[in-house]
Amino acid sequence: MGLAEDVDNFWLMFGGCLVFLMQCGFAMLEIGSVSQKNTKNILLKNVLDACIAAITWWVVGYGIAFSDTNDTNFGGQGHLLLDDHAFWTPSENY
């Protein structure tokens, strides 16, 4: 990989870390606005929110963000569910 690709990958990872840190900050904001007995519920809600967002990105977001420019379908169906790297697709060497 070249320097430009390394910087792009670093920026993507750094941005992802910032998003998860914002999740933590928002959790603290929500905890401060509810009673003490609801603290665990709010924390669980925020963890589930992050998990559902990650799965949604895997299913839909990657195909939209990284589709080929010459793909005629919206979002590029070639990358739906990371189809190029999917674990359920059969190997060509069997």
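Residues numbered from 1 in each chain as written. Predicted model: local features only at pLDDT ≥ 70, side-chain atom pairs only at ≥ 80, totals over all residues. Heavy atoms only, no water.

*Asks:* Sorry if this is basic, but what is going on with the overall build of the chain here?
*Replies:* Helices and strands together make up the secondary structure of the chain, namely 2 helices and 0 strands. Across the 94 residues in the chain, those meeting the buried criterion constitute 12%. Considering only intrachain contacts with a sequence separation of at least 6, the fraction spanning at least 24 residues in the chain is 14%. Just so you have it, the chain exposes about 7,800 Å², and 67% of that area is on carbon and sulfur atoms. (Helix = DSSP H or I, 4+ residues; strand = E, 2+ residues; numbered from the N terminus. Buried < 20%, exposed > 50% of the residue type's maximum accessible area, 1.4 Å probe, protein only. Contact = heavy atoms within 4.5 Å. Areas by Shrake-Rupley, 256 points an atom, 1.4 Å probe, with all protein chains shown as cover.)

*Asks:* Explain the pattern of salt bridges to me, please; I cannot follow it from the model alone.
*Replies:* Oppositely charged side chains are able to pair whenever their charged atoms sit close together. Under the criterion given, the structure shown has 1 salt bridge. Across the pair Glu30 and Lys45 runs a salt bridge whose closest N-O atoms are separated by 3.4 Å. Note that Glu30 is positioned in helix H1 (residues 3-32) and Lys45 in helix H2 (residues 39-65), a separation of 15 residues in sequence. (Salt bridge = Lys/Arg side-chain N within 4 Å of Asp/Glu carboxyl O.)

*Asks:* What is the right way to read the packing of H1 against H2 from this model?
*Replies:* How two helices pack is summed up by the angle between their axes together with the distance between the axes. Interhelical geometry of H1 versus H2 gives an angle of 155° and a closest axis separation of 10 Å. One finds that H1 runs roughly antiparallel with respect to H2. Considering only the axes of H1 and H2, their crossing is right-handed. On H2, the residues touching Phe20, Gln23, Phe26, Ala27, Met28, Glu30 and Ile31 of H1 are Thr39, Ile42, Leu43, Lys45, Asn46, Asp49 and Ala50. Split into classes, the residues belonging to the contact of H1 with H2 amount to 8 nonpolar, 3 polar and 3 charged. (Axes fitted to C-alpha atoms, helices over the stretch in contact; angles between N-to-C directions. Parallel < 35°, antiparallel > 145°, perpendicular 65-115°, else oblique. Left-handed = near helix turned anticlockwise from the far one by under 90°. Nonpolar A, V, L, I, M, F, W, Y, C, P; charged D, E, K, R; others polar.)

*Asks:* Got a minute to help me understand the packing of aromatic side chains in this structure?
*Replies:* In this description, an aromatic ring pair is defined by two values, namely the gap between the centres and the angle between the planes. Evaluated as defined, the whole model comprises 2 aromatic pairs. Ring centres 5.9 Å apart and planes at 40° place the aromatic pair Trp11 and Phe14 in the tilted group. Here Trp11 pairs with Phe14, and both are found in helix H1, just 3 residues apart, close to one helical turn. Phe14 sits in the partly exposed class, given a relative accessible area of 37%. Among the aromatic side chains, those forming a connected cluster through ring pairs are Phe10, Trp11 and Phe14. (Phe/Tyr/Trp six-rings, centres within 6.5 Å; stacked < 30°, edge-to-face > 60°.)

*Asks:* Got a minute to help me understand the side chain of Glu30 in this structure?
*Replies:* Taking relative accessible area as the criterion, Glu30 reaches 14% and is therefore assigned buried. There is a polar contact of 3.4 Å between the side chain of Glu30 and the side chain of Lys45. Among the polar contacts made by the side chain of Glu30, one reaches the side chain of Asn46 at a distance of 3.1 Å. Among residues more than four places away in sequence, those in contact with Glu30 are Ile42, Lys45 and Asn46. (Polar contact = N/O pair within 3.5 Å; in protein donor to acceptor, adjacent residues only side chain to side chain.)

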